[in-house]
Amino acid sequence: MGNLLKVLTREIENYPHFFLDFENAQPTDCEREVWNQVNAVLQESESILTGLQAYKGAGQEIRDAIQNPNDMLLQERAWNSVCPLVIRLKKFYAFSLKLEEALKSLLESLTCPPYTPTQHLEREQALAKQFAEILHFTLRFDELKMRIPAIQNDFSYYRRTISRNRLNNMNLDIENEVNNEMANRMSLFYAEATPMLKTLSTATTNFVTENKTLPLENTTDCLSTMASVCKVMLETPEYTSRFNSEDTLLFCMRVMVGVIILYDHVHPNGAFNKSSKIDMKGCIKVLKDQPADNVEGLLNALKFTTKHLNDESTPKNIRTMLQ
């Protein structure tokens, strides 16, 4: 029996009811090629998060250098503190590009004809799990990044200083690593409150635009089905009791929020509209039933990183739930 079980045959309120085994799904031979490609990217994700978690910034060194512009020792100390951090920031940015490619490969597999999104999820459980892992990583990365203002400060100082040093014709080895063009791209990436989510939203939108022969519904139905699966799993005790780890509950919540945000960016009417295939009221209720500490960041993500929440077509009760 597959890891994804269609456990209810009737469709209550037209929403699919599944148990998707996020803990144990293994790739079939048909999934293996894409799974291997995506797995190579996902294997880096924990070290990326560890690197971000350990990011302390060079705030003190930068302050000392700015307050004592003629003290070359302090200038050098600040520069030597910032350069390794910028290399680390480049690594995070480079990972976002790999994640973008991985997401596109998964979308191609999970939306291609002749199968429906439901059939794809039943057939390609391991790829659905990888899609979920990408979203889980993305929300964790962005939650951490939002708590580290030093990233913006360090990078701004780097760009100001490198421009000044360039004017003084100083030889800068770091420019081999982070040249002007790379610095511009990184600057745009880190200017976003949720840079990884922005990368995935743009990647999903581009996927739809570039695949003109693929109906939009193939992509939006894939996302809405994932959201519905997560919601039903979270609100059904007989499903949550199957989780071997408490972390899977939070994993499920992050994935649900992630696919809602992608759906909201890709679907012309967004996720909050009455015509949306996502039960937003039910999804928000599921989140609000959890301990506040676990879901504050996720509710904020729905509030601040979606595109259509403040549209006139969004029902008032949905907006009220997210206030």
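Please read all numbers here as calculations on a predicted model, not as lab measurements.

We now examine the confidence of the model for the protein chain. When pLDDT is averaged along the protein chain, the result is 87; 92% of the residues meet or exceed 70. Low pLDDT, under 50, characterises residues 1–15; the stretch is placed with 34 contacts to residues that sit more than four places away or in other chains.

This part is about the packing of aromatic side chains. Applying the stated criterion to the full structure yields 9 aromatic pairs. Note on W79 and Y158: the rings are 5.6 Å apart at their centroids and 5 degrees apart in plane angle, and the pair reads as stacked. Residue W79 is located in helix 4 (residues 72–111), and its partner Y158 is located in helix 7 (residues 150–167); the two are separated by 79 residues in the primary sequence. Side by side, W79 and Y158 carry an identical accessibility label, which is buried. Where F95 meets F137, the ring centres are 5.2 Å apart and the plane angle is 75 degrees; that geometry is what we call edge-to-face. Of this pair, F95 sits in helix 4 while F137 sits in helix 6 (residues 125–146); the two residues are 42 residues apart in sequence, bridging distant segments of the chain. In this pair, the class of F95 matches that of F137, namely buried. Chaining the aromatic ring pairs together yields one cluster made of W79, Y93, F155, Y158, F189 and Y190.

This brings us to unusual backbone geometry. Omega for the peptide link from P113 to P114 comes to 5 degrees, which places this bond in the cis form. Within the fold, P114 resides in the loop between helix 4 and helix 5 (117–123).

The next thing to look at is the pattern of salt bridges. Counting across every chain of the model gives 11 salt bridges. Taking the shortest distance from any N to any O, the salt bridge between E181 and R185 comes out at 2.8 Å. Here the residue E181 and the residue R185 both occupy positions in helix 8 (residues 180–191), the gap between them amounting to 4 residues, near one helical turn. On the accessibility criterion, E181 (52% relative accessible area) is exposed. Among the ionic pairs, K231 bridges to D279, the shortest N-O distance being 3.4 Å. With K231 in helix 10 (residues 216–235) and D279 in the loop between helix 12 (247–266) and helix 13 (280–288), this pair connects stretches of sequence that are 48 residues apart. This pair shows no difference in class: K231 is buried, exactly as D279 is. The network of salt bridges with common partners includes K231, E235 and D279.

For S105, the location among the structural elements is in helix 4. Residue contacts for S105: discarding those within four places in its chain leaves V34 and Q37.

This brings us to the nonpolar core. Among the nonpolar cores identified, the biggest contains 101 residues, and F22, F131, Y158, M186, M226, I260 and L287 are the most heavily contacted of them. Ignoring any residue separated from it by four or fewer positions in sequence, one finds F131 in contact with L103, L106, L107, L110, C222, L223, M226, V259 and L262.

Let us now look at the packing of helix 10 against helix 13. In the contact formed by helix 10 and helix 13, the axes pass within 10 Å of each other and the chain directions differ by 45 degrees. Classified by the angle between their axes, helix 10 and helix 13 sit oblique to one another. The chirality of how helix 10 crosses helix 13 is left-handed. The residues of helix 13 that touch helix 10, namely those facing K231, L234 and E235, are G282, C283 and V286. Class assignment of the residues belonging to the contact of helix 10 with helix 13 gives a composition of 3 nonpolar, 1 polar and 2 charged.

Next up on the list: helix 2 (residues 45–53). Turning to helix 2, its buried residues are S45, I48, L49, G51 and L52. Buried residues of helix 2, viewed axially, fall in a sector of 160 degrees; they line one side.

Counted according to the given criterion, the structure contains 0 disulfides. C30 takes part in no disulfide bond, and the closest cysteine sulfur, belonging to C112, lies 11 Å away. For the unlinked cysteine C252, the closest cysteine sulfur is that of C230, found at 4.4 Å. Using a relative accessible area of 0% as the deciding quantity, one classes C252 as buried.

Conventions and cut-offs
- Residues numbered from 1 in each chain as written.
- Predicted model: local features only at pLDDT ≥ 70, side-chain atom pairs only at ≥ 80, totals over all residues.
- Heavy atoms only, no water.
- pLDDT = per-residue confidence, 0-100.
- Contact = heavy atoms within 4.5 Å.
- Phe/Tyr/Trp six-rings, centres within 6.5 Å; stacked < 30°, edge-to-face > 60°.
- Helix = DSSP H or I, 4+ residues; strand = E, 2+ residues; numbered from the N terminus.
- Buried < 20%, exposed > 50% of the residue type's maximum accessible area, 1.4 Å probe, protein only.
- Salt bridge = Lys/Arg side-chain N within 4 Å of Asp/Glu carboxyl O.
- Core = buried A, V, L, I, M, F, W, Y, C linked by side-chain atoms within 4.5 Å.
- Axes fitted to C-alpha atoms, helices over the stretch in contact; angles between N-to-C directions.
- Parallel < 35°, antiparallel > 145°, perpendicular 65-115°, else oblique.
- Left-handed = near helix turned anticlockwise from the far one by under 90°.
- Nonpolar A, V, L, I, M, F, W, Y, C, P; charged D, E, K, R; others polar.
- Arc of directions from axis to C-beta.
- Disulfide = S-S within 2.5 Å.

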